[in-house]
Amino acid sequence: MRGVDRTGAGAVAASGASGTSGAETAPRRGAVDPVKALLHRHRELCERAVDPLEIAAGLEAHGFTDRSAARYRHRDVFSLAEELYARVPRDADPAPEPTFGPAPRIRTGWVLLTLLPGAVASGTVAGLRLGPGTARPLVALGGLLAVILAVRAALGRGPLAARPGAAPRPSAPVWTVCLLGYALLGDGLLDAVVSGGPDALPTGSPDGPWPAATAPVVALALACAPAAWCAHLLDLGARRRLAGSRGLEDFTSGARPLLLGVVALYLAALTGLLALTGAVLHEDPAYPQALTLGALLFLARLLTAHRHRHAPAVILGAAAAAEVAAPALVLSGRLPDCGFLAVPVTTPVDPLGVGAIPTLSCGCAALVLLAHALRTLTRASAHAPVGGPE
Amino acid sequence: MRIGLLTEGGYPYVGGDTGLWCDRLVRGLGQHEFDVYALESGRQQEGDGWVPIPPQVRRVRTARPWAAGDDGAPLGRRGRRRFTEYYGELLGAVCAPQEGSAAEVADRFGNALYSLAELARDTGALTGALRSDHAVTALERACRAPGAPRAAHEARVPDLLAVTDHLARALCPLSLGWYGEDALAAVDLCHATSGGSAALPGLLARHFSGVPLLVTEYGVQLRAHYLALGPDSAAPAVRALLAAFHGRLAAEVYRRAEILTPGSSHARRWQERCGADRARIRTVHPGMDADRFAEVGEAPECAEAGTLVWVGRIEPGRDLVALLHAFAEVRKEEPHARLRIVGVPVGAEGEAYLAQCRALAAQLFPDEAEGLHAVGDNPVSFTEVGAPEAPTLPDAYAAGAVVVLSSVVEGFPVSLAEAMFCGRATVSTDVGAVVEVIGGTGLVVPPRNPRALAEACVALLRDPERRARLGAAARARALELFGVEQNIAAFHGIYLEIMSHCPVRRVAVDEAGEPLPFAVPAEAHVPGRWTVPTLLRGSPAPVRAGAEGVR
């Protein structure tokens, strides 16, 4: 290294007088303390450096070499950087305001997509009500498929979209479809089964031997839009609290009321939509069943969106199994000597009506998920932005 | 011999940083088998595809640390407890006070790292746990612990999340299934092509199976981290924690590597500074293909007198502005001098810088013509390789009487070495490894000093004999030091050296898993160092001391 140094210095000298004269003037300007002048020139670098090596890297990026460090009476850049790091005053620097990347933006794409399921569901119901009787099965089938696709599209983007990071659970959508199917036809079926039926297939109309409850389902489809907005509010609030909180405990205590408030807001919006669809379609809006189901689906989606996919899939499956089991148990109770099988279903149904089964199963599941969400979604790691500094 | 080649963002992807060098190494050492273990550096690399793989590369395995991907199965209660303990210990070592004992901190860091790796091997995957709330809580606890650096004390929740995310990515190699009997445990030597995360699989293979590790660093990874995480990119707490983590990781890599091969003495200084043992460092200069410069190098007379050439990638660190100002001074002395700038801008910043330089050139030098009726042009021209004036890279150098390098930042100056291969006299700024590369075969001036640069250029332009002398010496030096053959021969020698000093001791087993006695010849495992008479080692005879030195 020494030999190489000399070669370099010799070449500088050979190149002319100015190269060496520049080397001589630099310390003279700083009078007795050349490092002080250097400190002044690189004040920002030195003040903001987190350790001496960062100053060394920064000085090298400014063209410093061990030869230039020798002018400051140091053996190499590292020892010069250590002196600078030790000498720079760093008590006065105020902690900068934490920045937390760009806020989630409201994009027209997801705003329009969240309106799609409601529009498709309303169109299907209108087709069923107003269209000719012969086309009804086709309209119902096509409408169902269209609603499923529309919901899929609406959940693919925006604040309800699943963040990358957890293994997808293919069972969760299946359970969701089961739950929605029960909301549409389940009460009618259970009613018919309890009273000895069913005697006919559902026709898609609210009156008949096996009535279909279209109002809650249409309201739930319409509620995709408020759900997305509520999730967006949760994201915004969580970001604000993340930026403002000093510690993790601090964040958790602030996030709990936020989460409860968002769920309450969603339920309020869903209640409004239920009342609206009930009035327009002249049907019973079935508040208890629809509200518990809505809360369950909303919480499951929030958890999935924040990379907690395991619990929602399990709980949705349990709720769907409980609902499907109810008519099956009543039917198997008709077998000889198996009447006891129907007891768990008839016990709540007799005093409370057929709506008790979905209300109980969805309500319990929603409470479990709410407890889970209050534990997991109020943690800072659930709201970590994807992709940090690199 | 089977070599596990560990890369990050380079080989075998097209356009990777170290891709060309690795490709030459793999092709040049065809007598060995190579297993390539590559960490992708970013999303765009996925689409780039691979370079053609020669047959000696038996397999290529890749991983994507940047992808959040599948978190895998969550840890059980016991696994979570172990994870919290080890991760807390790792972070404790990261946040340990600076003034503490370096060896003790390094031990703590290493032990925690290997414990985490064992946990990952036992339980399958750590990816989810590294991003979980337990990890963030452990980080908060480490930051608030007494003795932690002041910047860490001030970490807020977003900082904790950012650091956790970064650490999860950096520690991704822990949870890769690369350490089994069919993978890194079966190789004879791990060769990491850079420090940092790329060397991490090598560290773990060394821990699990005793595979020796060789680390080559052409640019020091730690220094790159410091420059990438500048003051504006993140909060002070994030920078302090990440800098401490990468510092500890680099120290662990340097401590455990059997041999370190920095690309220049500049990288070597950083490695020594971070705790590398001087005795285990061998500087291996990057090799360059000398053949394509042979024609130009052997015909020094094709240079255009009075032409300065600058070749490189155009970015602010190259300080073309200083070059243009220096050229203005040169023009005062030598009115017929011309300057050719050959290169492509790098990124949007480079584009803007090129536009700025063009504007400055147009301002400093008006177009000039031979006579009243000729069309004039600017004495400064900006071209790219492939343009009519410079169809190939050697042609670009061939046109210049003097090749100029005006960088303020430089690692290994590739364009300087290429100019040396072309037998051209050079004037360069004293940055990075320039002095080491040029030796005494060109002029060196201080950086950010246009006048010195101009005077050196004028001196060379006026003295054709000196130019020829320096050019010939530069070519001879380059052929001796920077050829591909020298690079490959050096690595071949280092591979054999490592194999002879610390071979992997494996127990040979038969199909049923029973150890096979006498499967490995006994003389391969003579205990002690049999090149030196063990009994006489302590005696002060001068001959033996010499033998020690050679060893």
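Looking at an unreviewed UniProt entry, chain B carries the name D-inositol 3-phosphate glycosyltransferase, with the source organism given as Streptomyces griseoluteus.

Right, let's get into the overall build of chain B. Per the secondary structure count, chain B includes 22 helices and 12 strands. In terms of C-alpha radius of gyration, chain B reaches 27 Å, essentially the compact-globule figure of 24 Å for 551 residues. Along the first, second and third principal axes, the C-alpha atoms of chain B reach 90 × 60 × 50 Å. Burial status across chain B gives 49% buried among its 551 residues. Contacts in chain B between residues far apart in sequence, at least 24 positions, make up 70% of those at least 6 positions apart.

Bringing the overall build of chain A into the picture now. Looking only at helices and strands, chain A features 17 helices and 0 strands. With 390 residues in all, chain A has 42% of them scored as buried. When contacts within chain A are restricted to residue pairs at least 6 apart in sequence, long-range pairs at least 24 apart make up 72% of them.

Residues and elements named next belong to chain B. Spatially, the 6 strands line up as an open sheet ordered β9-β8-β7-β10-β11-β12, and their pairing is parallel. Looking at the sheet topology across the chains shown, the edges are occupied by β9 (380-383) and β12 (443-445). Strand-to-strand, the axes of this sheet are offset by a mean angle of 20°, without reference to chain direction. Bridge count for strand β7 (residues 307-311) against strand β8 (residues 338-342) is 5 bridges, and the pairing is parallel. Within β8, the position partnered with T307 by the bridge is R338.

All names here are of chain A. When pLDDT is averaged along chain A, the result is 79, and 83% of the positions lie at 70 or above. Per-element mean pLDDT across chain A ranges from 39 in helix α1 (residues 2-15) up to 91 in helix α7 (residues 77-87). pLDDT under 50 marks residues 1-30. Its contacts with residues more than four places away, or in other chains, come to 50 contacts.

The next subject is unusual backbone geometry. In the Ramachandran plot, A:R73 falls in the positive-phi region, its phi being about 60° despite a non-glycine side chain. Checked against the element boundaries, A:R73 lands in the loop between α6 (66-71) and α7.

This paragraph deals with the packing of helix α8 (residues 108-130) of chain A against helix α11 (residues 214-222) of chain A. For any two helices packed against each other, the geometry comes down to the angle between their axes and how far apart the axes lie. Residues and elements named next belong to chain A. Between α8 and α11, whose axes approach to 7 Å, the crossing angle comes to 155°. Between α8 and α11, the interaxial angle falls into the category roughly antiparallel. Both α8 and α11 take part in a crossing whose hand is left-handed. The segment α8 lies against α11, with P117, G118, A121, S122 and V125 engaging T214, V217, V218, A221 and L222. Of the residues contributing to the contact of α8 with α11, the split by class is 7 nonpolar, 3 polar and no charged.

Residue and element names in this part refer to chain B. The residue Y86 is located in helix α3 (residues 77-94) in this model. Here Y86 falls in the buried class, since 22 other C-beta atoms lie within 10 Å of it. In this structure the C-alpha to C-alpha distance between Y86 and L119, which are 33 residues apart in sequence, comes to 9.0 Å. Setting aside chain neighbours within four positions, we find Y86 in contact with A112, S115, L116 and L119.

Now for the nonpolar core. Formed by 261 residues in total, the largest nonpolar core has its most connected members in A:L296, A:L299, B:L116 and B:C457. Ranked by residue count, the leading element in this core is helix α11 (residues 236-256) of chain B, at 13 residues. Look past the residues within four positions of A:L296 in its chain and what remains in contact with it is A:A319, A:C362, A:A365, A:A366 and A:L369.

To continue, consider helix α1 (residues 19-28) of chain B. Residue and element names in this part refer to chain B. Among all positions of α1, only G19, W21, C22, L25 and V26 are buried. Summarising the axial view, the buried residues of α1 lie within an arc of 165°, below the 170-degree limit, and thus occupy one face. Looking at the packing, one finds that the buried side of α1 touches β1 (2-8), β2 (33-39), β3 (57-63) and α21 (484-501).

Here the focus is the packing of helix α16 (residues 343-352) of chain A against helix α17 (residues 356-376) of chain A. Residues and elements named next belong to chain A. Where α16 meets α17, the axes come as close as 9 Å, and the angle between the chain directions of the two elements is 115°. Residue-level contacts link V345, P348, V349 and L352 of α16 to A356, I357 and L360 of α17. Residues of the contact of α16 with α17, tallied by class, amount to 7 nonpolar, no polar and no charged.

Here the focus is the pairing of strand β5 (residues 213-217) of chain B. All names here are of chain B. Counting buried residues along β5, 5 of its 5 residues qualify, which places the element largely inside the surrounding structure. Every second residue of β5 is oriented toward a common face, with L213, V215 and E217 on one face and L214 and T216 on the other, all of them buried. Crossover handedness for the path strand β4 (residues 189-192) to helix α9 (residues 200-209) to β5: right-handed.

Attention now goes to the domain arrangement of chain A. On domain assignment, one finds that chain A holds domain 1 (26-94) and domain 2 (108-383). The C-alpha-based centres of domain 1 of chain A and domain 2 of chain A are spaced at 64 Å.

All names here are of chain B. An order of β3-β2-β1-β4-β5-β6 is seen for the 6 strands of this open sheet, with the pairing classed as parallel. Each end of this open sheet is capped by a strand with a single partner; those strands are β3 and β6 (259-262). Strand-to-strand twist across the sheet, computed as the mean angle between neighbouring axes with direction ignored, equals 15°. As defined by bridge partners, β2 adjoins β3 across 6 bridges and the pair is classed as parallel. If you follow D35 over to β3, its bridge partner there is R59.

This part takes up the environment of A:R375. Residue placement: A:R375 occurs in helix α17. In the structure, A:R375 is positioned 123 residues away from A:T252 in sequence and 8.9 Å away in space, judged by C-alpha atoms.

This part covers α9(B). All names here are of chain B. With 7 of 10 residues buried, α9 lies mostly within the body of the structure. For α9, the set of buried residues is L200, P201, G202, L203, L204, A205 and R206. Looking at the buried positions of α9, the neighbouring elements they touch are β1, β2, α4 (102-123), β4, β5 and α11.

This paragraph deals with the confidence of the model for chain B. Residue and element names in this part refer to chain B. On average, residues of chain B score 83 in pLDDT, and 90% of them reach the 70 mark or higher. This stretch, residues 534-551, has a pLDDT under 50; its non-local contacts, to residues over four places away or in other chains, come to 8 contacts. Complex prediction metrics read pTM 0.80 and ipTM 0.82.

As a further point, take the environment of A:L160. All names here are of chain A. Here L160 shows up in the loop between α9 (136-156) and α10 (171-194). The spatial distance from the C-alpha of L160 to the C-alpha of A305 is 5.7 Å, given a sequence separation of 145 residues. Other than its neighbours up to four places away in sequence, L160 contacts L155, A227, A228, A231, R301 and A305.

The rules behind these values
- Each chain carries its own residue numbering, running from 1 in the direction its sequence is written.
- Chains carry letters and ligands carry numbers; both start at the beginning, A for chains and 1 for ligands, and go up in the order they are written.
- Local features in this predicted model are restricted to residues whose pLDDT is 70 or higher, and side-chain atom pairs enter the listing and the counts only when it is 80 or higher, whereas totals over whole chains, interfaces and linings include all residues.
- The helix and strand labels rest on DSSP assignments: H or I over at least four residues marks a helix, E over at least two residues marks a strand, and numbering proceeds from the N terminus.
- Computation of the radius of gyration draws on C-alpha atoms, with the globule rule given as 2.2 Å multiplied by the number of residues to the power 0.38.
- Put simply, a residue is buried when 20 or more other C-beta atoms lie within 10 Å of its own C-beta and exposed when 12 or fewer do; between those, it is partly exposed, and each C-beta is set from the backbone.
- The contact criterion used is a C-beta to C-beta distance within 7 Å, with each C-beta placed from the backbone.
- Only when DSSP finds a minimum of two bridges between them are two strands counted as paired.
- An axis is simply a line fitted to the C-alpha atoms; with a helix, the fit covers only the stretch in contact. Between two such axes, the angle follows the N-to-C directions and lies from 0 to 180 degrees.
- Per-residue confidence from the predictor is given as pLDDT, running between 0 and 100.
- Comment on the angle field: the value is read as roughly parallel under 35 degrees, roughly antiparallel over 145, roughly perpendicular from 65 to 115, and oblique elsewhere.
- If you view the pair so one helix is near and one far, a crossing is left-handed when the near helix is turned anticlockwise from the far one by less than a right angle, and right-handed when it is turned clockwise.
- Lys, Arg, Asp and Glu make up the charged group, whereas Ala, Val, Leu, Ile, Met, Phe, Trp, Tyr, Cys and Pro make up the nonpolar group; the residues left over, Gly among them, are polar.
- For the purposes of this analysis, a nonpolar core is taken to be any set of buried Ala, Val, Leu, Ile, Met, Phe, Trp, Tyr and Cys residues that are connected through C-beta atoms within 7 Å.
- Regarding the arc, it is the one traced by the directions from the helix axis to the C-beta atoms.
- If the strands point away from the viewer and the path from the first strand over the helix to the second runs clockwise, then the crossover is right-handed.
- Domain segmentation is taken from an automatic or database assignment of domains.

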